[in-house]
Amino acid sequence: MHYMFFDTETGGVNPKIHSLLTAYFAICDKDLNLIDDLYLHLKPSDLSKLNLTQEALNVNKINIEEHLNDPNTITYEEGRKKLKSFLVKNKIKGKRKSFMPAGHNVAFDKEMVWEQLMPQVEFEEEVHYRTVDTSSICTFLKDVGIFPEDVGNLISLVEHYNIPQQEVHNAKGDVRMNIEVYRHMKNMMKARKKEMIGGTNSLLEIIEA
């Protein structure tokens with residue numbers, strides 16, 4: 001199974017009412033090598049339904065006038081077709097579910113995509129219902145004392161792992177950084193597993209450590 005990392009930038013925090021403005025999808029293989037990507041700049045076909053908060057625009061730094069006038073900005077209907085084609089094109093032959101959705105607080109981005117871009121039923125024809133969420137993984141690693149308590153959001157993880165920082169609160173930049181965060185998480189746990197297997201500790205000592 002491949003990963004599909006994705007992120008959205010929106011006009012607010014309520015997927016049911018606030019508008020989806022950008023979405024970036026990156027298909028990676030099991031080793032997190034990028035296979036294909038799709039970057040959508042979006043708007044509702046009926047601009048009277050555009051629902052934004054200034055607070056959200058201040059965070060993602062989207063100039064809404066420039067965004068709407070950009071010829072690369074397409075309607076949700078056009079975006080849905082592009083996303084469907086993207087998923088079908090990258091489908092793994094013989095696999096019923098080709099992609100494991102991944103992100104940081106990915107539940108929010110799934111809800112936004114389902115509400116504004118592609119219904120859940122259609123989305124889950126190709127994408128697994130389970131997820132890889134670096135936010136949840138981070139919470140667990142803090143609970144077991146591996147991460148410090150001040151680590152939590154994506155940028156804090158980027159800084160923790162000393163990953164080169166890209167544009168923050170930009171769908172593409174956040175996804176690219178998140179892929180590297182997950183790569184570091186996996187490598188860290190593989191190294192710890194190797195240490196345990198190679199050590200002299202008994203199974204009981206490993207569990208109680």
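First things first, this report covers the structure right here in the doc. The model shown is predicted, which means the values in this text are computed figures rather than measured ones.

Bringing the overall build of the protein chain into the picture now. A tally of helices and strands in the protein chain yields nine helices and six strands. For the protein chain, the spread of C-alpha atoms along the principal axes amounts to about 65 × 40 × 25 Å. For the protein chain, restricting intrachain contacts to residue pairs at least 6 apart in sequence, the fraction spanning at least 24 positions comes to 68%. Counting every atom, the protein chain has about 11,600 Å² of accessible surface; 50% of that belongs to carbon and sulfur. For the protein chain, the distance from the average position of its 26 positive side-chain charges to the average position of its 31 negative side-chain charges is 9 Å.

Think of a disulfide as a covalent bridge from one cysteine sulfur atom to another cysteine sulfur atom. Within the structure shown, the criterion is met by zero disulfides. Unpaired in this structure, Cys-138 has its nearest cysteine sulfur neighbour in Cys-28, at a distance of 20 Å. A residue is classified by how much of its surface remains accessible, and Cys-138, at 1% relative accessible area, is buried.

This paragraph deals with the sheet that holds strand S4 (residues 73-75). On the basis of which strands lie adjacent, the open sheet formed by six strands has the order S4-S3-S2-S1-S5-S6 and mixed pairing. Both outer strands of the open sheet, S4 and strand S6 (132-133), are each paired with one neighbouring strand and no more. Pairing of strand S3 (residues 34-43) with S4, which is carried by three bridges, proceeds in the parallel orientation. When the sheet's bridge partners are listed, Leu-42 is paired in S4 with Ile-74. Across the sheet, helix H3 (residues 76-89) touches strand S1 (2-10), strand S2 (20-28), S3, S4 and strand S5 (99-103), and the angle it forms with S3 is around 170°. The strands touched by helix H4 (residues 106-116) are S1, S2, S5 and S6; relative to S1, the strand with the most contacts, the crossing angle is about 75°.

This next bit is on the packing of aromatic side chains. According to the stated counting rule, one finds eight aromatic pairs in the structure shown. When the ring of Tyr-24 is compared with that of Tyr-39, the centres are 5.5 Å apart and the planes differ by 85°; the resulting orientation is edge-to-face. Placement of Tyr-24 in strand S2 and of Tyr-39 in strand S3 is noted, with a sequence separation of 15 residues between them. Residue Tyr-39 is classed as partly exposed on the basis of its relative accessible area of 31%. Site record: aromatic cluster; members linked through ring pairs are Phe-6, Phe-25, Trp-114 and Phe-123.

A few words now on the nonpolar core. Judged by nonpolar contacts, the single largest core of 27 residues is most densely connected at Tyr-3, Phe-5, Phe-147 and Met-185. Contributing elements (two or more residues each) for this core: S1, S2, S5, helix H6 (134-143), helix H7 (154-160) and helix H8 (171-198). Per-element tally for this core: the top contributor is H8, with eight residues. In terms of nonpolar packing, the next biggest core, distinct from the first, is built from 23 residues, Leu-20, Phe-25, Leu-83 and Phe-123 among them.

Parameters at a glance
- Residues numbered from 1 in each chain as written.
- Predicted model: local features only at pLDDT ≥ 70, side-chain atom pairs only at ≥ 80, totals over all residues.
- Heavy atoms only, no water.
- Helix = DSSP H or I, 4+ residues; strand = E, 2+ residues; numbered from the N terminus.
- Contact = heavy atoms within 4.5 Å.
- Areas by Shrake-Rupley, 256 points an atom, 1.4 Å probe, with all protein chains shown as cover.
- Lys, Arg positive; Asp, Glu negative; His and termini not counted.
- Charge placed at Lys NZ, Arg CZ, Asp CG, Glu CD.
- Disulfide = S-S within 2.5 Å.
- Buried < 20%, exposed > 50% of the residue type's maximum accessible area, 1.4 Å probe, protein only.
- Pairing = 2+ DSSP bridges.
- Axes fitted to C-alpha atoms, helices over the stretch in contact; angles between N-to-C directions.
- Phe/Tyr/Trp six-rings, centres within 6.5 Å; stacked < 30°, edge-to-face > 60°.
- Core = buried A, V, L, I, M, F, W, Y, C linked by side-chain atoms within 4.5 Å.

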